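Below are the chains, spelled out letter by letter.
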2 protein chains.
Amino acid sequence: MIPDPARLERWIDTFARITESRTDPGVTRLAYTPLERDAHAVFAERMAELGATVWVDAAGNTYAQRPGTDPDRPAIGTGSHLDSVPNAGRFDGIAGVAAALETARLFAEHGVEHRHPIRFVVFAAEEGARFGQACTGSRIAAGLTGPDDLDDKRDAAGVTLAEALRGVGLDPARVASARWRREDWAAFVELHIEQGAVLESSHRRIGVVDTVSGSTRLRLDVTGRASHSGGTPMHLRADAVTAAAEVVLAVEAVATLTEREGTRATVGKIDVSPGSITTIAGAASLWVDVRDLDADRQARAAAEIVERAEAICARRGVRLCVRPLAETPPVPLSGPVREVLVEACRELDVEPAVLPSGASHDAQQVNTVTPTGMIFVPSKDGISHDPAEWTDVEDLALGTAVLAAGLLRLDATLR
Amino acid sequence: MIPDPARLERWIDTFARITESRTDPGVTRLAYTPLERDAHAVFAERMAELGATVWVDAAGNTYAQRPGTDPDRPAIGTGSHLDSVPNAGRFDGIAGVAAALETARLFAEHGVEHRHPIRFVVFAAEEGARFGQACTGSRIAAGLTGPDDLDDKRDAAGVTLAEALRGVGLDPARVASARWRREDWAAFVELHIEQGAVLESSHRRIGVVDTVSGSTRLRLDVTGRASHSGGTPMHLRADAVTAAAEVVLAVEAVATLTEREGTRATVGKIDVSPGSITTIAGAASLWVDVRDLDADRQARAAAEIVERAEAICARRGVRLCVRPLAETPPVPLSGPVREVLVEACRELDVEPAVLPSGASHDAQQVNTVTPTGMIFVPSKDGISHDPAEWTDVEDLALGTAVLAAGLLRLDATLR
């Protein structure tokens, strides 16, 4: 029962083609848009052809179930997401859905029997790019986001999450019905691309995740005084850009202190106003993301970034406004599920790397309801959230083999 | 013969209201647009009412002439511009045109006689915001820009300078006819806001300019590797933003070296791509403006900025591409005209600051044809190119008095 790389490649391609523009580079399929729904429908249709029972919950998560031989057992699940950031790659989320589709095909064609029902899941709205909040579909499934949380999160056009749900035919008032009950689930496994270069640089083809990083997100608004680049001597300036540049380097410095090995801090977005070559900037905004596997270290790093930014801005005579955007603690995934996945690798003669995930995932949300594990496949050059994102289809096929073997091992060993 | 602050204020207000939007902050009246032409038409109409002879040249510069008592004498000129950068203030350019209008009114109402004809001029397209090139109208007048230069400069929408001229009813093939002949001119004086805080911080109400800074403009494109902010450890990154931040601080450092007092170097615009909080930036572009009063020092500062940027990018493993955008040398204005303006100040019991101009001006272009001087009035907090740009109308009235007295002194003393 060997996954077929050509079929996996065809699924990757099928989903990558459902994108807003044929001319822009990469995939753009934002959360709770008709394009995301189209991709879910392709998944549902193929699963129905394979004989699975298919449904969509009130959060827009799509399910396909293969029945178990013991109808009273709770489900074992696997899946990922089909939405993307703007100008994304073709593997983030899609890889795990393609692996789920290929696993379902293998189980159907080989008439594989399992005691537990197996549920293949596509979560809605995993990327935070549109509404700021990541993993909305899986957070609703885990009971971490409820109907009252949908009116205050807005996209760049001012559309609320609740309005976006209604826009694609979902009823935001009903999202509580999408919450998972513990007794319905036995375990969950998500396959995902690493979105980093640890596997590649250590020459491993499979990773098994032990912990998912937490993330503290801040917006820092620096306000100086706009003035003419020629008319204003250096000592009379209140330049928002030079202050912001110093803060960017402080963010990097805080994360590269030796006692903070493991901390990752990034300024990925900068806005400068008015943004003219002949005007000293009056304002600059920085978006900061601090990730860590250790909650205390994460909090200390974020606090030190704010302290250093305050000192820099005070010294430079510009104002600083700090806005917390999001705060999620690190999440250790299930030890027993991890052990089963490591054994599944060894059964296939593969020694996996056991490693943390720097990115957040649906897996960490559903882990609060049912024991959850994650399989990583390598990302070429560690590139992700970019059209150049790439995973070799042979690695994805190996990951799918680990997924299928892991699901059957869980089925055999769970009480 | 005292300038009337209320009339000056009314002119400032009249011109400031001719703007693209009633809701956006500030004045937006780009070069060679119908709005710029509307503003010129208001000037021409009022000047005609005051009995001046009015015409527009092929570059779109508008002239209003009061005859001299000696018809064979060349003209003494004054004026400024009425176009603006986007979301500009209400004084840049406008102040000098308001002062010209008020001077013409005073001369008409008091029946002032002068030997030389006096020409009040509004130059077209002074701001480089639309086409990259500053002072297009005065450069054409000075013979520094000709008909062959109008096809390769384009605005953001791809419209060439030649097309923009045709769009407002001007004939680009005829611009050579707008070139000034040396024998037609005796001297020129421009009144302008300082666009800096040197007058304010030294408690002077009037400045007389000795030299106009040169400007070297560069675009620096930094290319790293986009990757996930969570998935990529600090030591595996090629972050375009941290490299760019270090370059911004190097630009500042180069200009604040003690041997470079007088050098002004600014990064006023930054673009980051893809610009997402969860993606390490794969690319960042910086726009750098280096100004100096000393041509050698300006060239050395620009070269050192490039050297430092190359070293920073090499050390950080990112690529750097340097594109020169523009290069203008510093321009010493006329010593004799400056002396006359200083004497005009003292006649009014005002001690002027003699200071350089950091910004470029039409005055430096026409100085290549006829001896030219500049009067500065203070800019509150040094702010310019911003809706908060402000000059007290009493200061503008005093500057207008210096202008009127200066023009009459030139008339009396020039041979």
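Residues numbered from 1 in each chain as written. Chains lettered and ligands numbered in written order. Predicted model: local features only at pLDDT ≥ 70, side-chain atom pairs only at ≥ 80, totals over all residues. Heavy atoms only, no water.

The next subject is the overall build of chain A. The helix and strand inventory of chain A stands at eleven helices and 15 strands. For chain A, whose C-alpha radius of gyration is 23 Å, the value lies close to the compact-globule estimate of 22 Å for 415 residues. Projected onto the principal axes, the alpha-carbon positions of chain A cover approximately 80 × 45 × 40 Å. Across the 415 residues in chain A, those meeting the buried criterion constitute 62%. For chain A, restricting intrachain contacts to residue pairs at least 6 apart in sequence, the fraction spanning at least 24 positions comes to 80%. (Helix = DSSP H or I, 4+ residues; strand = E, 2+ residues; numbered from the N terminus. Rg over C-alpha atoms; globule rule 2.2 N^0.38 Å. Buried < 20%, exposed > 50% of the residue type's maximum accessible area, 1.4 Å probe, protein only. Contact = heavy atoms within 4.5 Å.)

Expressed as a screw operation, the relation of chain A to chain B combines 0.3 Å of axial shift with a rotation of 179 degrees, fitting to an RMSD of 0.3 Å. With respect to symmetry, the two chain copies, as superposed, fit the operation of a two-fold axis. When C-alpha distances to the rotation axis are compared across chain A, the minimum falls at Ala245(A), with a value of 2.2 Å. A share of 100% of the interface residues of chain A reappears at the interface of chain B, consistent with the copies meeting face to face through the same patch. (Least-squares fit on C-alpha atoms with pLDDT ≥ 70 in both.)

Turning next to the interface of chain A and chain B. Contact residues are listed per partner, giving 57 residues for chain A and 59 residues for chain B. Across the interface of chain A and chain B, roughly 4,700 Å² is buried in total on both sides, 63% from carbon and sulfur atoms. Broken down residue by residue, the surface that chain A buries against chain B is led by His228(A), Met234(A) and Ile277(A), which jointly contribute 15%. Its salt-bridge partner being Arg316(B), residue Glu252(A) comes within 2.7 Å of it at the nearest N-O pair. For the side of chain A that touches chain B, the elements supplying multiple residues, two or more each, are α6 (198–201), β7 (214–223), β8 (227–228), α7 (240–256), β9 (264–273), β10 (279–280) and β11 (283–292) of chain A. For the side of chain A that touches chain B, the element with the most residues is α7(A), which contributes nine residues. Its residues assigned to classes, the side of chain A that touches chain B shows 23 nonpolar, 22 polar and twelve charged. (Buried area = accessible area lost by both parts, 1.4 Å probe. Salt bridge = Lys/Arg side-chain N within 4 Å of Asp/Glu carboxyl O. Nonpolar A, V, L, I, M, F, W, Y, C, P; charged D, E, K, R; others polar.)

It is worth spelling out the sheet that holds strand β12 (residues 319–328) of chain A at this point. Residues and elements named next belong to chain A. Strand order in the open sheet made by the four strands is β9-β11-β7-β12, with antiparallel pairing throughout. Of all the strands in the sheet, just β9 and β12 have a single pairing partner and so form its edges. On average, adjacent strands in this sheet sit at an angle of 15 degrees to one another, irrespective of strand direction. Where β7 lies against β12, nine bridges are found, and the strand directions are antiparallel. In the strand pairing of β12, Arg 217 is matched with Ala 326. Strands in contact with α7 are β7, β9 and β11; relative to β9, the strand with the most contacts, it is inclined by about 170 degrees. (Pairing = 2+ DSSP bridges. Axes fitted to C-alpha atoms, helices over the stretch in contact; angles between N-to-C directions.)

Another aspect to go through is the sheet that holds strand β9 (residues 264–273) of chain B. All names here are of chain B. As summarised here, the arrangement of the four strands in space is β9-β11-β7-β12, forming an open sheet in which the pairing is antiparallel. Each of the sheet's edge strands pairs with one partner strand only, and the pair in question is β9 and β12 (319–328). Geometrically, the sheet is characterised by an average inter-axis angle of 15 degrees between neighbouring strands, direction not taken into account. Its contacts with the sheet put helix α8 (residues 295–316) on β7 (214–223), β9, β11 (283–292) and β12, and the angle it makes with β7 is roughly 10 degrees.

Our next topic: helix α3 (residues 94–109) of chain A. Taking 1.5 Å as the rise per residue, α3(A) with 16 residues should run 22 Å; its terminal C-alpha atoms sit 22 Å apart, in good agreement. Counted residue by residue, α3(A) has 14 buried out of 16 residues, so it is predominantly covered. (Expected span 1.5 Å × (residues − 1).)

What follows is about the domain arrangement of chain A. Residue and element names in this part refer to chain A. For chain A, the domain assignment lists domain 1 (5–213 + 332–413) and domain 2 (215–328). The centre of domain 1, based on its C-alpha atoms, is set 34 Å off from the matching centre of domain 2. Across the interface of domain 1 and domain 2, roughly 620 Å² is buried in total on both sides, 50% from carbon and sulfur atoms. At the boundary of domain 1 and domain 2, one finds zero salt bridges. Between the two partners, domain 1 and domain 2, sit one residue pair in polar contact (both at pLDDT 80 or more). (Domains from an automatic or database assignment. Polar contact = N/O pair within 3.5 Å; in protein donor to acceptor, adjacent residues only side chain to side chain.)

Let's shift gears to unusual backbone geometry. Residues and elements named next belong to chain A. The peptide bond linking Ser 273 to Pro 274 adopts the cis configuration, its omega dihedral lying at 0 degrees. Mapping Pro 274 onto the fold places it in the loop between β9 and β10. The backbone of Cys 135 sits at a positive phi, close to 60 degrees, despite the residue not being glycine. Judged by relative accessible area, Cys 135 falls into the buried class, the value being 0%.

Residue and element names in this part refer to chain A. By the element assignment, Ser 357 lies in strand β14 (residues 353–357). A distance of 2.7 Å separates the side chain of Ser 357 from the backbone oxygen of Ala 359, its partner in a polar contact. In this view, Ser 357 contacts Val 209, Thr 211, Val 212, Ser 213, Leu 293 and Phe 376; residues no more than four positions away in its chain are not counted.

What follows deals with the packing of aromatic side chains. To describe a pair of aromatic rings, you give the distance between the ring centres and the angle between the ring planes. Under the definition given, this model contains 18 aromatic pairs over all chains. Considering the side-chain rings of Trp55(B) and Tyr63(B), the 5.2 Å spacing of their centres and the 10 degrees angle between planes classify their relative orientation as stacked. Residue Tyr63(B) is classed as buried on the basis of its relative accessible area, which comes to 3%. A centroid spacing of 6.0 Å and a plane angle of 50 degrees characterise the contact between Trp180(B) and Phe188(B), whose relative ring orientation is tilted. The two residues Trp180(B) and Phe188(B) agree in class, both being buried. A connected cluster of aromatic rings, assembled from ring pairs, spans Trp55(A), Tyr63(A), Phe123(A), Trp180(A), Trp185(A) and Phe188(A). Across the ring face of Trp287(A), the terminal group of Lys269(A) is positioned such that the distance to the ring centre comes to 4.3 Å. (Phe/Tyr/Trp six-rings, centres within 6.5 Å; stacked < 30°, edge-to-face > 60°. Lys NZ or Arg CZ within 6 Å of the ring centre and 35° of its normal.)

Residues and elements named next belong to chain A. Counting through the fold element by element, Ala 238 comes out in the loop between β8 and α7. Remark: the alpha-carbon pair of Ala 238 and Asp 151, spanning 87 residues in sequence, is separated by 38 Å. Among residues more than four places away in sequence, those in contact with Ala 238 are Gly 224, Arg 225, Ala 281, Gly 317 and Val 318.

Before going further, it helps to spend a moment on the pattern of salt bridges. The full count for this structure, using the stated rule, is 50 salt bridges over all chains. The shortest N-O distance in the salt bridge between Arg73(B) and Asp70(B) comes to 3.4 Å. The class for Asp70(B) is partly exposed, based on a relative accessible area of 28%. Among the salt bridges present, the one from Arg205(B) reaches Asp395(B), with a minimum N-O distance of 2.7 Å. One end of the pair, Arg205(B), is in the loop between α6 (198–201) and β6 (207–212); the other, Asp395(B), is in helix α11 (residues 393–413), and 190 residues separate them in sequence. You can call Arg205(B) partly exposed: its relative accessible area is 39%. Overlapping salt bridges bring together Glu246(A), Arg315(A), Arg316(A) and Glu252(B) as one network.

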